[in-house]
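Inside the fold
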Amino acid sequence: NKSYAIRNLAVDALATQGPVMRNRTLLNFSPRVGFAWDVFGNARTAIRGGFGIYYDIGNLGGAFVSNSDGTPPLVSRFSISNTTAGAVISLPFSFNPAGIGHSPSVIDYNAYQPHVAQFNLTVEQRLPGSMSLSVAYAGTRGAHLWTEKEGNPTSPTYVSPAGVQYWATTVPVCASAFPSCRVNPNFTQITLDTTAGNSWYNALQVSLNKRVTKGLEFQSTYTWSHSIDTTEGQIQSSDCTGSGMMDGVDPNHPRTDRGSSCFDLRQTLRFNRSEERRVGK
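Here's the deal with a nonpolar patch on the surface
A cluster of nonpolar side chains, contributed by Leu 133, Val 135, Leu 204 and Trp 224, occupies part of the molecular surface with about 340 Å² of accessible area. Mapped onto the secondary structure, Leu 204 falls in strand S8 (residues 191-213). Residue Leu 204 is classed as partly exposed on the basis of its relative accessible area of 33%.

Printed below as a string of structure tokens:
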């Protein structure tokens, strides 16, 4: 009970001692269903399908690391700016208490548990020569996936009246109404690990296999797929190395960042074979 969490990012001025997040796992519902149908009753043509919901129960490492080294009052981070041109910032620095000017890195206290719905439908046909052909559709839908975003976004600083160009109008700066221009004036930037990511995957999968006959077997697969997400991931260096696709551009509207995943691979073709030869004396 020595952890801390900012439980309400919109209004809290201090972190609350206790669990770093709520336990939302007690009501997890994870059904699995599948079927197989011998269409003509001759064991040559089969249709198979399945659906399941699967929860990710261990993908918390990056979030806990960020929380442990960035949550007040255990850790304090500040930015000190030289606002006067040519002036020298003298030492020692004068740090503010955990309030305005503080920039924490935290876990969303109300985070959900990531899960994915998986579904597939396959038609398989037995062919001459101990071969079989299968054509399948496979899809997944990920929800509440871990992502990193700005937890204390700035309020709009300007709204242009209809028909008036922005340079012809004078409006108050946001600080006159919102100190620090942030939703929560008690903090500056908040790096937030939260479960706001979503993903979509759809694939056509074709497979041709030959069982061992006369010392020869082979397997071949072709996949045509598309992976889409809204900047999911916690650690950019491992999830999407150098892609810059971990952080979204609009924390309030994640669907703005909906696009191809950094690991999207549209087409793959794989083939392997083995052959056995017997040499007589």
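We are not done yet, so read on.
Describing the pairing of strand S7 (residues 131-150)
On a regular strand, one side chain projects to one face of the sheet and the next to the other, so that they alternate. Summarising the sheet, strand S6 (residues 115-127) and S7 pair through 13 bridges and their orientation is antiparallel. Each residue of the ladder has a partner; that of His 115, found in S7, is Ala 143. Linking S6 to S7, which pair antiparallel, is a turn of three residues; within it Gly 129 sits at a positive phi near 75°. Two elements, S7 and S8, share 17 bridges in a ladder whose sense is antiparallel. By the bridge assignment, Ala 138 is partnered in S8 with Ala 203.

A closer look at the packing of aromatic side chains
Taken as a whole and judged by the stated rule, the model has two aromatic pairs. One Lys or Arg, Arg 24, reaches over the ring of Tyr 112 and ends 3.9 Å from the middle of that ring.

Description of the nonpolar core
In summary, soluble globular proteins display a tendency toward joint burial of nonpolar side chains. Membership of the largest hydrophobic core is limited to eight residues, which are Tyr 4, Ile 6, Leu 9, Ala 15, Val 106, Phe 187, Ile 190 and Leu 192. Apart from residues no more than four positions distant in its own chain, Val 106 is found in contact with Ile 6, Leu 9, Asn 67, Gly 70, Thr 71, Ile 190, Thr 191, Leu 192 and Asp 193. By size, the runner-up hydrophobic cluster in this structure holds six residues, among which are Val 20, Met 21, Ala 63 and Ile 107.

Conventions used here
- Residues numbered from 1 in each chain as written.
- Predicted model: local features only at pLDDT ≥ 70, side-chain atom pairs only at ≥ 80, totals over all residues.
- Heavy atoms only, no water.
- Patch = residues over 30% accessible without salt bridge, like charges linked within 9 Å, V, L, I, M, F, W, Y side chains within 5 Å.
- Areas by Shrake-Rupley, 256 points an atom, 1.4 Å probe, with all protein chains shown as cover.
- Salt bridge = Lys/Arg side-chain N within 4 Å of Asp/Glu carboxyl O.
- Helix = DSSP H or I, 4+ residues; strand = E, 2+ residues; numbered from the N terminus.
- Buried < 20%, exposed > 50% of the residue type's maximum accessible area, 1.4 Å probe, protein only.
- Pairing = 2+ DSSP bridges.
- Phe/Tyr/Trp six-rings, centres within 6.5 Å; stacked < 30°, edge-to-face > 60°.
- Lys NZ or Arg CZ within 6 Å of the ring centre and 35° of its normal.
- Core = buried A, V, L, I, M, F, W, Y, C linked by side-chain atoms within 4.5 Å.
- Contact = heavy atoms within 4.5 Å.

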